[in-house]
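Chains, contacts and geometry: an overview
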Amino acid sequence: MELTVTEAAAVLGKSARTVRHLVKQGKIPGRRVGNRWLIDREALSATFTHDADARRERVRELEEHVAKALDDSLPAGSREHGDRRHYSVSDLRAFQHGKEVLAELDRTIASTPSLAAELREARGSLLCCLRALTEGSHQFHADLKLECFLRARTTCCACITDLLTVSAADHAVSLAELADRLERDLLGALRGLLRRAERRRR
């Protein structure tokens, strides 16, 4: 059975103009009779069933890609609840690295009271970084998520600067190692979060 453009549009839930355009492009099989297009109903159904299957397959591939990207940013031991995974900010590698350096910084402050005043600024910057990470991981609006992760990066850089400019020669090596860990590990993990947040914005 053959349908006119108007009838095919009603079947597809599209405008006649859109259907006419799709027929002219060859995306819908049809034949021209005089100044009218006729479309085979079975070919129409087969075409759109195939397109719908292809779209479903593409969505499934994208879902798998997103799930893999998320899994790659989390450690292997993330908590699972039934079929669903429950992620916490503490599962993020960036947060774990920052928390480890914070604990090390607290030990250094406790063991070296003479450096406490200078290191408190670095500690404050690192805490701001961890807070921004927490806020970003619980933010659903893409622009706000990106803004939080950018703030985390900025405050992490401030902490690195604070650690590298402390005036204690006898602790300079251990503080430089902490700064290096932040730069290599925390900023490295943050780069991945920023890339994902930027892609999500598009």
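As a convention, each chain's residues are numbered from 1 in the sequence order in which they are written. Totals for whole chains, interfaces and linings use every residue, but because this is a predicted model, local features are given only for residues with pLDDT of at least 70 and side-chain atom pairs only at 80 or more, for both listing and counting. Hydrogens are left out, water is left out, and the side-chain values use all remaining heavy atoms of the structure.

As for the pattern of salt bridges
- Salt bridges are defined by distance alone: a side-chain nitrogen of Lys or Arg within 4 Å of a carboxyl oxygen of Asp or Glu. A full pass over the atoms with the stated rule returns seven salt bridges.
- In this structure, the salt-bridge partner of D180 is R184, at a minimum N-O distance of 2.9 Å. Placement of the pair is D180 and R184 together in helix α7 (residues 172-201), with a separation of four residues, close to one helical turn.
- Classification of D180 by relative accessible area gives partly exposed; the value is 38%.
- The buried label goes to any residue with under 20% of its type's maximum accessible area, the exposed label to any with over 50%, and the partly exposed label to all in between, with areas taken from a 1.4 Å probe on protein chains only. Residue classification places R184 among the partly exposed positions, given a relative accessible area of 48%.
- Put simply, D185 and R184 hold a salt bridge, and the shortest N to O gap is 3.1 Å.
- By relative accessible area, which is 22% here, D185 ends up partly exposed.
- A cluster of three or more residues bridged by salt bridges with shared partners is formed by D180, R184 and D185. Only DSSP runs of H or I with at least four residues qualify as helices, and only runs of E with at least two residues qualify as strands; both kinds are numbered from the N terminus onward.

Remarks on the pairing of strand β2 (residues 30-33)
- Strands qualify as paired when DSSP identifies two bridges or more between them. Of the strand pairs in this sheet, β2 and strand β3 (residues 36-40) are connected by four bridges, and their pairing is antiparallel. From the neighbouring strand, V33 faces β3, where its bridge partner is R36.
- Between β2 and β3, which pair antiparallel in sequence order, lie two residues; one of them, G34, sits at a positive phi of approximately 70°.

Digging into the sheet that holds β2
- Read across the open sheet, the three strands follow the order β1-β3-β2; overall the sheet is antiparallel. Here the strands that pair on one side only, and so sit at the sheet edges, are β1 (2-4) and β2. Going across the sheet, the axis of each strand differs from the next one's by a mean of 35°, ignoring polarity.
- Working rule for contacts: check all heavy atoms of both residues, and any pair within 4.5 Å makes them a contact. Orientation is described by axes fitted as lines to C-alpha atoms, over the contacting stretch for helices, and by angles from 0 to 180 degrees between their N-to-C directions. Across the sheet, helix α1 (residues 5-12) lies against β1 and β3, angled at about 95° from β1, the strand it touches most.
- Along the sheet, helix α2 (residues 16-25) contacts β2 and β3; its crossing angle with β3, the most-contacted strand, is approximately 80°.

Notes on the side chain of S125
- The residue S125 is located in helix α5 (residues 116-137) in this model.
- Beyond its immediate sequence surroundings of up to four residues, S125 is in contact with T155, A158, C159 and D162.

Considering the side chain of D162
- By the element assignment, D162 lies in helix α6 (residues 142-164).
- In protein, a polar contact means a hydrogen-donor-capable atom and an acceptor-capable atom, both N or O and within 3.5 Å, with residues adjacent in sequence counting only if both atoms are side-chain atoms; elsewhere, any N or O pair within 3.5 Å suffices. Within the structure, the side chain of D162 is placed 3.3 Å from the side chain of S125, a separation counted as a polar contact.
- In contact with D162, not counting residues within four places along its chain, are E121, A122 and S125.

What about α5?
- A rise of 1.5 Å per residue sets the reference length of α5, with its 22 residues, at 32 Å; its end C-alpha atoms lie 31 Å apart and thus fit the reference within 8%.
- Regarding α5, the residues found buried are A116, L119, A122, S125, L126, C129, L130, A132, L133 and G136. To estimate how far a helix should reach, multiply one less than its number of residues by 1.5 Å.

Concerning the packing of α5 against α6
- Interaxial distance between α5 and α6 falls to 8 Å at its minimum, and their mutual angle equals 165°. One element, α5, and the other, α6, form an angle in the roughly antiparallel class. Crossing geometry of α5 relative to α6 is assigned as left-handed. From α5, L119, E121, A122, S125, L126, C128, C129, A132, L133, E135, G136 and S137 reach across to α6, where they touch K145, C148, F149, R151, A152, T155, C156, A158, C159, D162 and L163.
- Polar here means any residue outside two lists: the nonpolar Ala, Val, Leu, Ile, Met, Phe, Trp, Tyr, Cys and Pro, and the charged Asp, Glu, Lys and Arg; Gly therefore counts as polar. Among the residues making up the contact of α5 with α6, the classes are represented as 14 nonpolar, four polar and five charged. Oblique is the label for any angle not covered by the other classes, which are roughly parallel (under 35 degrees), roughly antiparallel (over 145) and roughly perpendicular (65 to 115). We call a crossing left-handed when the near helix sits turned anticlockwise from the far one by less than a right angle, and right-handed when that turn is clockwise.

Comments concerning the pairing of β3
- Across three bridges, the pairing between β1 and β3 is antiparallel. Bridged to L3 within β3 is I39.

As for the nonpolar core
- Ranked by internal contacts, the top residues of the largest apolar core, which has 35 residues, are L119, L133, L163, L182 and L190.
- Among the secondary structure elements, those contributing two or more residues to this core are α4 (93-111), α5, α6 and α7.
- No other element matches the 10 residues that α7 contributes to this core.
- In contact with L163, not counting residues within four places along its chain, are L105, L119, A122, L175, L178, A179 and L182.
- In this structure, A8, V23, W37 and I39 belong to the second largest nonpolar core, which totals 11 residues. We define the nonpolar core as a collection of buried residues of types Ala, Val, Leu, Ile, Met, Phe, Trp, Tyr and Cys that are connected through side-chain atoms lying within 4.5 Å of one another.

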